[in-house]
Amino acid sequence: MSARLLGLASLVLLAACTDQTVVDRASDPRAGFGFVEDGAKRSTGASAAWAQTSAEVAANEARVRALVAGKTVGPETAVQVALMNNRRIQAAYAELGLSATDLWDVALGPRPRLEIGISGIGEAGLARSLEAVVTGAILDLATQKPRTKLAETRFRQAQMMALADTVALAAETRRAWIDAVAAFEVSSMIGRAQGTAEAASELAAELGRTGAMNRADQAREHVFTAELAAERTEARLAAQLAKEKLTRLMGLYGTGTDYYVPDSLPSLPGRRPAPSNAERLALEHRTDLAIAKLELEAIAQQYRLDTQTRRLSSADLSVGVEIERSDARETEASPVLAVGFEIPLYDAGPLTSRRGALEYSRAAHTLAQRAVNARSEARSAHAAVTGTYNIARHWRDEVLPLRREIDREALKSYNGMLTSTFELIEDARDGLEAELETAKAKAAYWRAESDLKTVIWGPIPGGAE
Amino acid sequence: MNRRQLLTGGAGAVLASAAAAETRFRDLPEAAFTDSPYTQVPDRPMAGLEYNPVVTLNGWSLPWRMNAGVKEFHLVAEPVERIMADGMMARLWGYNGQSTGPTIEAVEGERVRIYVTNRLPEHTSVHWHGLILPSGMDGVGGLSHPAIAPGKTFVYEFDLTKSGTFMYHPHADEMVQMAMGMMGLFIVHPRDPAFMPVDRDFAFLLAAYDIDPGTYIPRVAEMTNFNMWTWNSRIFPDIDPLVVNKGDRVRVRCGNLTMTNHPIHMHGYDFEVTCTDGGWVPKSARWPEVSIDIPVGAMRAYEFDAIHEGDWAIHCHKSHHTMNAMGHDLPTFIGTDKRRVTQMIRRQQPGYMPMGTAGMADMGEMSMELPDNTIPMMTGWGPYGPLEMGGMFSVVKVREGIAPDDYSDPGWYVNPPGTQAYEWTGDMPEFARANGPATQVTPKSHLKHDH
């Protein structure tokens, strides 16, 4: 068969090769976002919003303003605002959109630039080029199904990445909210400690006035107050910077920054953290594992495609289209600790190229290590929640009551003129320090609690502690 | 601790014949115990030689028996609980249920046999302070005889060759055992009851303890910084008064087993020291006093005729010894304006009350919550207000018509009209004031007489 005839026959074929259902799906303006929305709701409890037009952006901003303006923002609101208003996440959603257009493009099928070819018909020397074009088109046509499958895999990967970015942003935002609130709590406690220091300072000054305290001892009381004032300024700055980070993650600027965070973190929950199912949930839900798994799939598909292309190009094109060899697909389950995670082991046979086998192997090992890490992170996160809970509860239930008893007894000793006002103040200050440590322990618990929520869906931004 | 002192109850009876003592020490005199912290007036002696018993302030005298002409006592060294004052109990070591231990009374020329049973967790011994006796009876553990091991009973036996005012206390791990309250009076009466007779004969021992408020046991390692200054291990306001009938001849015997001297001062009288632990002081050697300094480890007895009716303070003149537990590291807050400070502290300590800005008298008036097991450093209420005293303080109450054996508190003295200080509400008389530090010589011109 002459090349020309083949070309004409191919043109007929080409017209009917568009995969209409995939095209319909991929050409939707919010293609694939439903998956992200659904995942975001389940993982963060907040709704993901993809603002594609300036009108949508403006509407989002208006809603955000209504949520935060002049208000005290809780962790849920903070996360919700971040998901709506953080431009980094909008960029990630745009990536998803781009991936959808890639899929759309592939699904439409080859669109040979026939006008070029046809214009050249009859002129010597152009036949070859037309042939090449047509051959390419036929090659595309012949491999369209695997190419569409690969594009779909990449698209699913893009969805997962968009979800991963969403989870990460939510985690970062929740963490920033905790950090900010904790910083304000610490700052106000240092303020109270400073109040007691000022009382001692004032008393020292008075004793100096009556002649009962020498200058050195007065200075000792004053210097403590002065040092504590510096500490308080530092704490205030730290709180301000922590809030600024939250503001940044929520994408706020200008008058949008006119919001508040609570003065203190919520108290510890009454119940100890439940036994862990985090490891199992992480293996089920982790976006990084899903992405790596899809990568493996994509590599397999890519190399099967390459092999096919190579084979096609060397085969007699007139034979038509040899489409797909069926996969010899094997799986191996490895149940460990009653929690299993499957790494698909494709038959490396079809991956004829050594490069393909190596790339596949690299991706498979990366996935395996990622799974190991995910399981460990989940266990660590649960251990951290349990541990920080116990520590915070110990401070609250053991240390603080003792401190309060010390305060009560200190007052009695003072009443009996057994100890001086300065000792009373010092005990009060020690009591405040214990409250400060208790607050810090509580903040550590809430951070761990947030990490445990996150680790089920993806790695903890900035790494686990 | 086998006996517990009770807060309630009047003059407690001597609990004779503990069942265990009877069976275990069939040959021994019964060991008598008491659990009352109040003064128990001893009966006249029923056997042996006649004498006028002493009244041990907030204490009692040890019962005895005669055995073939020998006066036998049974002292039991043991842990005890002593109510130092209402609201303050101390876990001490003592004798026969009490610290200080019961007073041993005997008569010059008698032979005494004293059984000493050790129920302490460590060995002990008894030294008979001031008595003349054989070296082997002197009670210095390891020197005079082996120390008395826990659970063992030793016998001391000697003749009382002289009369006077003496003490007994351990001489084995002495520092600890005395810091824990082991001591007692040993009174030897003159053979002749007509020798220097008195109508009332009071006796007490000075003992100091360091018991932190909220604790119960003394810190035995303390050397100087004591906070419980006691007479017979009691502190004011719960030291009984010295009740005297007007016209009585009164003797007060006082021994010092603290680590510092005590100038004991009595108001209303001058008196003379008539006896030390060395013996009686001849009339020609006495001189008048209103305070006697009692050195560490010594005894003094002074006498006076109770001719001035009234309520007369008797106390150690070291003013910190008339205070109960108090902090010694307190700044002086006198003249300090604490208004702002009070507001600031109350944010953290809502119960804070500013004190000491006008002195410490507010301590005696306010009744604020104190640590457990302590009493205010200055306390006691008189008929006209707070006495602001503690520790080594009591009142000599001289009244008309008190029966010879009556030592019960007659209440506050009512001053006859015109004999009490009163407030002046008239014009202020002129008064002089000195400002300069230089010696000012009073002009003598107005003293010059015209000749």
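Predicted model only: the values in this text are computed from it and were never measured.

Chemist: What is the right way to look at the interface of chain B and chain A in this model?
Modeler: A common way to express how large an interface is: the accessible area buried when the components associate. Taken together, the contact pairs 34 residues of chain B with 31 residues of chain A. For the pair chain B and chain A, the interface holds 2 salt bridges. One salt bridge in this structure joins Glu369 of chain B and Lys412 of chain A, with 3.6 Å as the shortest N-O distance. Listed by contribution, the elements that provide at least two residues to the side of chain B that touches chain A are α3 (339-346) and α4 (361-365) of chain B. The biggest single contributor to the side of chain B that touches chain A is α3 of chain B, with 4 residues. Of the residues contributing to the side of chain B that touches chain A, the split by class is 20 nonpolar, 8 polar and 6 charged.

Chemist: Would you explain the sheet that holds strand β9 (residues 164-169) of chain B in this entry?
Modeler: Backbone-to-backbone hydrogen bonds pair the strands of a sheet. The strands run either parallel or antiparallel. Residue and element names in this part refer to chain B. Ordered in space as β5-β10-β9-β7, the 4 strands form an open sheet in which the pairing is mixed. Strand pairing shows two members of the sheet lacking a second neighbour, β5 (104-107) and β7 (127-129), which therefore form its edges. The average undirected angle you get between the axes of adjacent strands in this sheet is 25 degrees. Direction of pairing for β7 relative to β9: antiparallel, over a ladder of 3 bridges.

Chemist: Could you clarify how one ought to interpret unusual backbone geometry in this entry?
Modeler: Peptide bonds are mostly trans, and most non-glycine residues show a negative phi. At the junction of Ser99 of chain B and Thr100 of chain B, the peptide bond is cis and its omega measures out at -5 degrees in the coordinates. Inspection of the secondary structure assignment puts Thr100 of chain B in the loop between β4 (88-95) and β5. Despite not being glycine, Met417 of chain A has its phi angle at roughly 55 degrees, a positive value. Overall, Met417 of chain A belongs to the buried group, its relative accessible area being 5%. Located in the positive-phi region is Met196 of chain B, a residue other than glycine, with phi close to 45 degrees. For Met196 of chain B, the location among the structural elements is in the loop between β10 (184-189) and β11 (200-209). The buried category is assigned to Met196 of chain B, whose relative accessible area is 19%.

Chemist: Is there a simple way to think about the environment of Met89 of chain B in this case?
Modeler: Residues and elements named next belong to chain B. Counting through the fold element by element, Met89 comes out in strand β4. Along the backbone, Met89 and Ile217 are 128 residues apart, and their C-alpha atoms lie at a distance of 9.0 Å. Excluding residues that lie within four positions of it along the chain, Met89 makes contacts with Glu81, Arg82, Ile83, Tyr216 and Asn373.

Chemist: Would you explain the packing of helix α5 (residues 75-85) of chain A against helix α9 (residues 144-210) of chain A in this entry?
Modeler: The axes of two packed helices give the description: the angle between them and the distance between them. Residues and elements named next belong to chain A. Close contact between α5 and α9 brings their axes to 9 Å; oriented N to C, the two are set at 140 degrees. As far as their axial angle goes, α9 and α5 are oblique. Crossing of α5 against α9: the hand is right-handed. Facing Pro75, Ala78, Val79, Ala82 and Leu83 of α5, the residues of α9 in contact are Thr166, Leu169, Ala170, Thr173, Arg174 and Trp177.

Chemist: What's the story with helix α4 (residues 54-68) of chain A in this structure? I'm lost.
Modeler: Residues that lie three or four places apart on an α-helix share one face, since the helix turns once every 3.6 residues. Residue and element names in this part refer to chain A. In a regular helix each residue adds 1.5 Å, so 15 residues correspond to 21 Å; α4 covers 21 Å between its end C-alpha atoms and thus fits that length. Taken together, the buried positions of α4 are occupied by Asn60, Val64 and Val68. Across the axial projection of α4, the buried residues extend over an arc of 60 degrees, all falling on one side. Where the residues of α4 are buried, they touch α5. After α4 finishes, the residue Gly70 shows a positive phi value of roughly 65 degrees.

Chemist: Honestly, the state of the cysteines in this entry has me stumped. Any pointers?
Modeler: By definition, a disulfide links the sulfur atoms of two cysteine residues through a covalent bond. Residue and element names in this part refer to chain B. For the coordinates displayed, the defined rule picks out 0 disulfides over all chains. Cysteine Cys275 remains unbridged, with the sulfur of Cys254 as its closest cysteine sulfur at 12 Å. According to the relative accessible area criterion, Cys275 is buried, its value standing at 0%.

Chemist: Please explain the side chain of Arg300 of chain B as it appears in this structure.
Modeler: All names here are of chain B. As for its placement among the helices and strands, Arg300 is situated in strand β20 (residues 299-305). One buried charge, Arg300, has no salt-bridge partner; the nearest side chain with opposite charge is Asp277, at 4.1 Å. The contacts of Arg300, once residues within four sequence positions are left out, are Val252, Arg253, Cys254, Val273, Cys275, Thr276, Asp277, Ile292, Asp293, Ile294 and Pro295.

Chemist: Can you walk me through the packing of aromatic side chains in this structure?
Modeler: Each aromatic ring pair is described using two quantities: the centre-to-centre distance and the angle formed by the ring planes. Residues and elements named next belong to chain B. Applying the stated criterion across every chain yields a total of 20 aromatic pairs over all chains. The interplanar angle of 50 degrees and the centroid separation of 5.9 Å between the aromatic rings of Trp128 and Phe158 together place this pair among those described as tilted. Taken together, the residues Trp128 in strand β7 and Phe158 in strand β8 (residues 153-159) connect sequence positions 30 residues apart. No difference in accessibility class separates Trp128 from Phe158, as the two residues are buried. An angle of 70 degrees between the planes, with centres 6.0 Å apart, marks the rings of Phe226 and Trp229 as edge-to-face. In this structure, Lys338 is placed above the aromatic ring of Phe333, and the distance from its NZ or CZ to the ring centre is 3.6 Å.

Chemist: Help me out: how do you make sense of the sheet that holds strand β19 (residues 291-294) of chain B in this one?
Modeler: Residues and elements named next belong to chain B. Pairing is mixed across the open sheet formed by 5 strands, whose spatial order is β13-β24-β21-β15-β19. Edge strands, defined here as strands with exactly one partner in the open sheet, are β13 (242-245) and β19. Ignoring strand direction, the axes of neighbouring strands in this sheet form an average angle of 20 degrees. Alignment of β13 against strand β24 (residues 393-399), held across 4 bridges, turns out to be parallel. Its bridge partner being in β24, Leu242 is matched across the sheet by Val396.

Chemist: Would you take a moment to explain the domain arrangement of chain A for this structure?
Modeler: All names here are of chain A. Here chain A is described as being made up of domain 1 (14-112 + 129-265) and domain 2 (269-322 + 336-464). Contact residues are listed per partner, giving 45 residues for domain 1 and 38 residues for domain 2. Taken over both partners, the interface formed by domain 1 and domain 2 buries close to 3900 Å², and the fraction arising from carbon and sulfur atoms is 72%. The tally of links from domain 1 across to domain 2 stands at 11 residue pairs in polar contact (both at pLDDT 80 or more). Listed by contribution, the elements that provide at least two residues to the side of domain 1 that touches domain 2 are α3 (33-44), α8 (126-142), α9 and α10 (215-249). At 34 residues, the largest contribution of residues to the side of domain 1 that touches domain 2 is made by α9. The residue makeup of the side of domain 1 that touches domain 2, split by class, is 26 nonpolar, 7 polar and 12 charged.

What counts, and at which threshold
Residues numbered from 1 in each chain as written. Chains lettered and ligands numbered in written order. Predicted model: local features only at pLDDT ≥ 70, side-chain atom pairs only at ≥ 80, totals over all residues. Heavy atoms only, no water. Contact = heavy atoms within 4.5 Å. Salt bridge = Lys/Arg side-chain N within 4 Å of Asp/Glu carboxyl O. Helix = DSSP H or I, 4+ residues; strand = E, 2+ residues; numbered from the N terminus. Nonpolar A, V, L, I, M, F, W, Y, C, P; charged D, E, K, R; others polar. Pairing = 2+ DSSP bridges. Axes fitted to C-alpha atoms, helices over the stretch in contact; angles between N-to-C directions. Buried < 20%, exposed > 50% of the residue type's maximum accessible area, 1.4 Å probe, protein only. Parallel < 35°, antiparallel > 145°, perpendicular 65-115°, else oblique. Left-handed = near helix turned anticlockwise from the far one by under 90°. Expected span 1.5 Å × (residues − 1). Arc of directions from axis to C-beta. Disulfide = S-S within 2.5 Å. Lys, Arg positive; Asp, Glu negative; His and termini not counted. Phe/Tyr/Trp six-rings, centres within 6.5 Å; stacked < 30°, edge-to-face > 60°. Lys NZ or Arg CZ within 6 Å of the ring centre and 35° of its normal. Domains from an automatic or database assignment. Buried area = accessible area lost by both parts, 1.4 Å probe. Polar contact = N/O pair within 3.5 Å; in protein donor to acceptor, adjacent residues only side chain to side chain.

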